[in-house]
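For reference, the chains in residue letters:
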Amino acid sequence: MVVSEAERQTLIDMVEDVAGPEVKKVAILLFNEKEEVTDEMIADQLDVKLDEVRKALYKLLDLEIASFRKVRDKQTGWFIYFWKLEPEKITSVVIKKQRAVHFKILERLQYERENMFFHCSSKDCFRKTFQEAMELDFECDKCFLPLVDFDNSTIITILEKKAEEVQNLIDKQLERVKSLR
Ligand SMILES: [Zn+2]
């Protein structure tokens, strides 16, 4: 995939948004490498701990933005992992991932809005839905204190805000995709 400097920057920004700033350096390095590289080569070049490089690589792998090939070293018998970036996948993978996150938040929001909750006010006990509380005769099954109304409006507000944030991020990515064309 041949990309211009501006496109490269856009793709790296997308990776940063979805995977966090700590993977940015690794993503840039992978982007610039024409050949596959090992985790040790990356750690050397960036002067970053091998553990951190591996964490970043697995995050990219998890997002399907990077892939590896493993080869057994004939001398040591250990596997060597050769990594490369999948730049043509970045835009679709990033947007898909954010949509999935958005969907999960909306699902949770619906659950919070549609249910009434009850709680015993003990820190270590979980809240119950109306159905669960009714089955327990409104007495906590753990600490035996009465189960009273639990106000989830703060949770709802936080989820609404989060959903909006993710939606904004998706809109931003869609704008970027447009700019790539
Ligand atoms: Zn309790």
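Just so it is clear, the structure is predicted and the values come from calculations on it, not from any experiment.

Outline the sheet that holds strand S6 (residues 148–150), listing residues and values.
Strand order across the open sheet formed by 3 strands is S5-S4-S6, with antiparallel pairing between neighbours. This sheet does not close on itself; its edge strands, each paired only once, are strand S5 (128–129) and S6.

Give me helix H2 (residues 24–32): which residues, what numbers.
Within the sequence span of H2, burial applies to Val26, Ala27 and Leu30. Angularly, the buried residues of H2 cover 100° about the axis, an arc narrow enough to put them on a single face. On the buried face of H2, the contacting elements are helix H1 (5–19), strand S1 (37–38), helix H3 (39–46), helix H4 (50–62), strand S2 (66–72) and strand S3 (79–85).

How would you sum up the pairing of S2? Please name residues and give values.
With 7 bridges connecting them, S2 and S3 associate as antiparallel partners. Across the sheet, the residue bridging to Phe68 is Trp83, located in S3.

Outline the domain arrangement of the protein chain, supporting the account with residue identities and numerical values.
We note that the domain assignment places domain 1 (5–85) and domain 2 (92–180) within the protein chain. Between domain 1 and domain 2, the C-alpha centre-to-centre distance is 34 Å. Taken together, the contact between domain 1 and domain 2 spans 8 residues of the former and 9 residues of the latter. Its residues assigned to classes, the side of domain 1 that touches domain 2 shows 4 nonpolar, 1 polar and 3 charged.

Quick notes on the rules
Residues numbered from 1 in each chain as written. Predicted model: local features only at pLDDT ≥ 70, side-chain atom pairs only at ≥ 80, totals over all residues. Pairing = 2+ DSSP bridges. Helix = DSSP H or I, 4+ residues; strand = E, 2+ residues; numbered from the N terminus. Buried ≥ 20, exposed ≤ 12 C-beta atoms within 10 Å, placed from the backbone. Arc of directions from axis to C-beta. Contact = placed C-beta atoms within 7 Å. Domains from an automatic or database assignment. Nonpolar A, V, L, I, M, F, W, Y, C, P; charged D, E, K, R; others polar.

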